[in-house]
Amino acid sequence: MKRSVTRQKDTMRTITTDEIIARVRETCIEAACNLGEDAKKAIIEARDREESPTGKEVLSQIADNFEIAETESVPMCQDTGLTIVFVELGREVHLDGSLEDAINEGVRRGYKDGYLRKSVCDPLTRVNTTDNTPAIIHTKIVEGDKLRMIIAPKGGGSENMSTLKMFKPSDGIEAIKDFVVNTVKIAGGNPCPPTVVGVGIGGSFEKSAIIAKHAVIRTLGSKNPDASVAAIEDELLARVNALGIGPMGLGGSTTAFAVHVETHPCHIASLPVAVNIQCHADRHKEVIL
Amino acid sequence: MEDKTIRLSTPLDEDITASLTIGDRVLISGVIYTARDSAHKRFFELLDKGEELPIPLKGQIIYFVGPTPAKPGRAIGSAGPTTSGRMDAYTPRLLDLGLKATIGKGQRSDEVKEALIRNKAVYLMAVGGAAALIARSIKSSEVIAYPEFGAEAVRKMEVVDFPAIVVNDSKGGDLFVEGVTKYRKTS
C-alpha cells in the first residue's frame, strides 16, 4: 500500500516556540502573584459569612495576603507549585519546534525570573531539578488555528490529600458521595481549606484523575451543564461544609468554596472515582495564542 | 474559647508556653529557626551520632517553611507554613531536647500532642497560603546550614510580630478538634 502524505504548511497558521516560551514565562509569574477574580470573590464572600471568629480572622489574613501579593508582585504562597498545563492545540496550527520543550523553557524562565520556588525533584533521590521542570502537560488536538493553554501551579499540601478508588458499579452514587466527603474529612486542615474539591467519576484509572483535575480548574461559580451532575455538586458542597472543618481546619462554616464534578463513560465492569483537592490559592490562568 | 492576643519573645520561657491556651493569637518577635523534611532527617542523623545540631533547641521555635527566593533588596521571599504532619516523626524528640514551639499548618499526631504536654510546649499555626503577609514580619533571614537543600535549607530568621494561633497547648487542648466539633452540623 502506498502511503500519501500531503504537506500544507502554507495554509496553516504558524506559532513560534519563542511566542510560547514568552507567554508561558509571563503566565507562570502572573499565576503565582495575581489570584483570579473568581477565587478572590469566593474568599471575600466566605470571610463575610463565616460564623467562627477564628475562621473569620484566617480568611481576613488570606484576603489581605492576595492584595499584598498583587500590589508587591510577590507570590501569594511560597509553594508556587508543580506546573500543570492543559493544552488545546488547534489542528490548523503549525509549530516551528517542540511544544513540550517550549512549555518547559517558559516554566524554567518564569520560575527563575519571577523568583518563584523550584519545587520539583526526583521521586526517589529527592534531588531538586532546580528549575521547576518538567511541567505536567496534557495535550488535546482540537478544531481551529489557536493554541490554548491553562496554566495551573499546583501546591503539594493539597495534592497530597487527593484520593482515587476503583469502585464496583454496584456500589452506586451514595458510596461515591461518602468517599468524597470522607476524603475531605480525613484531609482536615492539611490542604489549606477553604478548598475546591474536584471529582472525576468514570473513564479509566488515569482518566478519572485527569477529569478530577479539570474539575478543580473550572471557574468558581460554574456548574456542570448536566443538571443531575450539578445536583450532586450542590449536595456534596452542603455535606462537605457541614463537616465544620472550616478555614485552615480550625472550625467554621466554609470548608470548601465549591465541589466540581466531571464525568466520563467507563468500562462496564468499572467505576473509577478520583478526588483532587485544591487549596484556597486556586491559581489558574488561561493563555490563547 | 476566649481569643486574646499575646506578644511572645524568643527564646521562650516554659512558664510562658505553659500558660498559652488554644485559640490565643500570638505575635512572635526575636529569632526563630526554619527546618523542613530534609533538614529534620539530617538533624536526626546527627543526634544518632551524638553530634551537635546546627541550631540551638533550648527555648527555641522551629518554623516549618520553604520560602521563595528573595527578590533583590528584600530580606526574604514569600514564606508561609508547610504541612506539619510530615514532621510528626521528628518533633517529639526535639521537644524532649528543649524545643518549646513549632510553627506550621495542619493537625499533629497524638505522639506530638503527648510530647507538648510532657514538655509544657505548644504547636502554633500560621495561616497557610498567607505567605506574602507573613513575609512582612520577617526582618532578616540567613542560611546557617544545608545550603544545598535550596528552599529547604536551615535559616535563622529575625521576626517582629510574626502572627500565629495556638492550636495545640500544653494542657492537651486541640483547636482542630474543638473548633471542628463546635461548627459540625452532621451527626
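Residues numbered from 1 in each chain as written. Chains lettered and ligands numbered in written order. Predicted model: local features only at pLDDT ≥ 70, side-chain atom pairs only at ≥ 80, totals over all residues. Heavy atoms only, no water.

(A) Broad picture of the domain arrangement of chain A. Residues and elements named next belong to chain A. Entries for chain A in the domain assignment read domain 1 (2-33 + 76-154) and domain 2 (157-281). At the junction of the two partners, domain 1 supplies 8 residues and domain 2 supplies 11 residues. A combined buried area of about 710 Å² lies between domain 1 and domain 2, and 73% of that area is made up of carbon and sulfur atoms. In terms of surface lost to domain 2, no three residues of domain 1 exceed F86, H138 and K154, which account for 65% of the buried area on that side. (Domains from an automatic or database assignment. Contact = heavy atoms within 4.5 Å. Buried area = accessible area lost by both parts, 1.4 Å probe.)

(B) Looking closely at the sheet that holds strand β4 (residues 136-142) of chain A. All names here are of chain A. The strand order across the open sheet formed by 4 strands is β4-β2-β5-β10, and the pairing between neighbours is mixed. The open sheet has two edge strands with one neighbour each: β4 and β10 (285-288). The sheet shows a mean angle of 15 degrees between the axes of neighbouring strands, taken without regard to direction. When strand β2 (residues 82-90) meets strand β5 (residues 147-154), the two strands line up antiparallel, connected through 8 bridges. Each residue of the ladder has a partner; that of L89, found in β5, is L147. Against the sheet, helix α1 (residues 17-33) makes contact with β2, β5 and β10, and its axis sits at roughly 35 degrees relative to β5, the strand it touches most. The strands touched by helix α4 (residues 99-113) are β2, β4 and β5; relative to β2, the strand with the most contacts, the crossing angle is about 140 degrees. (Pairing = 2+ DSSP bridges. Helix = DSSP H or I, 4+ residues; strand = E, 2+ residues; numbered from the N terminus. Axes fitted to C-alpha atoms, helices over the stretch in contact; angles between N-to-C directions.)

(C) Spatial organisation of the sheet that holds strand β8 (residues 256-264) of chain A. All names here are of chain A. Strand order in this open sheet of 4 strands is β6-β9-β7-β8, and the pairing throughout is mixed. Two strands in the sheet have a free side with no partner beyond their single neighbour: β6 (163-167) and β8. Within the sheet, the average angular offset between the axes of one strand and its neighbour, ignoring direction, is 15 degrees. Relative to strand β9 (residues 271-278), β6 runs antiparallel, the two sharing 5 bridges. The residue bridging M166 from the neighbouring strand is P272, located in β9. Set on the sheet, helix α6 (residues 172-187) makes contact with β6, β7 (195-202) and β9; between it and β9 the angle comes to about 30 degrees.

(D) Geometry of the confidence of the model for chain B. Predicted confidence across chain B gives a mean pLDDT of 95, with 98% of residues reaching 70 or more. Both scores are available for the predicted complex, with the pTM at 0.94 and the ipTM at 0.93. (pLDDT = per-residue confidence, 0-100.)

(E) Structural context of the packing of aromatic side chains. All names here are of chain B. Considering all chains together, one arrives at 5 aromatic pairs over all chains under this definition. With centroids separated by 6.3 Å and ring planes inclined at 45 degrees, the aromatic side chains of F43 and Y146 adopt a geometry described as tilted. Of this pair, F43 sits in helix α2 (residues 37-48) while Y146 sits in the loop between β6 (138-145) and β7 (154-168), and the two are 103 residues apart along the sequence. In this structure Y146 comes out as buried when scored by relative accessible area, which is 11%. Note on F44 and Y90: the rings are 5.0 Å apart at their centroids and 75 degrees apart in plane angle, and the pair reads as edge-to-face. With F44 in helix α2 and Y90 in the loop between β3 (61-63) and α3 (91-96), this pair connects stretches of sequence that are 46 residues apart. (Phe/Tyr/Trp six-rings, centres within 6.5 Å; stacked < 30°, edge-to-face > 60°. Buried < 20%, exposed > 50% of the residue type's maximum accessible area, 1.4 Å probe, protein only.)

(F) Up close: helix α6 (residues 175-183) of chain B. Looking at α6 of chain B, one finds that the buried residues are L175, F176, G179, V180 and Y183 of chain B. The arc that holds the buried residues of α6 of chain B, viewed along the axis, is 115 degrees, so those residues lie on one side. Along its buried surface, α6 of chain B packs onto α3 (53-72) of chain A together with β5 (122-125) and β7 of chain B. (Arc of directions from axis to C-beta.)

(G) Molecular detail of the pattern of salt bridges. Residue and element names in this part refer to chain A. Counted under the stated rule, the structure contains 38 salt bridges over all chains. Ionic pairing is found between K41 and E45, a salt bridge with its closest N-O pair at 3.4 Å. In this pair, K41 and E45 are both assigned in helix α2 (residues 37-49), 4 residues apart and thus about one turn of the helix distant. Owing to a relative accessible area of 39%, E45 belongs among the partly exposed residues under this scheme. (Salt bridge = Lys/Arg side-chain N within 4 Å of Asp/Glu carboxyl O.)

(H) Examining the side chain of H260 of chain A more closely. All names here are of chain A. Turning to its location among the elements, H260 is positioned in strand β8. Looking at H260, the relative accessible area reads 1%, which means it is buried. From its side chain, H260 meets the backbone oxygen of A215 in a polar contact 2.7 Å long. Those residues in contact with H260 that lie beyond four places of it in its chain are V196, V197, G198, V199, A215, V216, R218, T219, L220, S222 and E233. (Polar contact = N/O pair within 3.5 Å; in protein donor to acceptor, adjacent residues only side chain to side chain.)

(I) Structural detail: the environment of A101 of chain B. Residue and element names in this part refer to chain B. Mapped onto the elements, A101 comes out in strand β4 (residues 101-104). Given a relative accessible area of 0%, A101 falls into the buried group. Through-space distance from the C-alpha of A101 to that of V166 is 9.9 Å; in sequence the pair is 65 residues apart. In this structure, A101 is in contact with L12, Q60, I61, I62, V122 and L124, ignoring residues within four places of it in sequence.

(J) View of the interface of chain B and chain A. Across the contact, 40 residues belong to chain B and 41 residues belong to chain A. Contact between chain B and chain A buries roughly 3,400 Å² in total, counting both sides, with carbon and sulfur atoms accounting for 58%. When the buried area of chain B at its contact with chain A is split by residue, K71, L133 and Y183 of chain B rank highest and sum to 17% of it. Two residues, R136 of chain B and E72 of chain A, come together in a salt bridge whose shortest N-O distance is 2.8 Å. Taken together, chain B and chain A are joined by 17 residue pairs in polar contact (both at pLDDT 80 or more). Where the side of chain B that touches chain A is concerned, the elements lending two or more residues are α5 (131-135), β7 and α6 of chain B. Residue contributions to the side of chain B that touches chain A peak at 5 residues, all from α6 of chain B. Within the side of chain B that touches chain A, the residues separate by chemical class into 20 nonpolar, 11 polar and 9 charged. (Nonpolar A, V, L, I, M, F, W, Y, C, P; charged D, E, K, R; others polar.)

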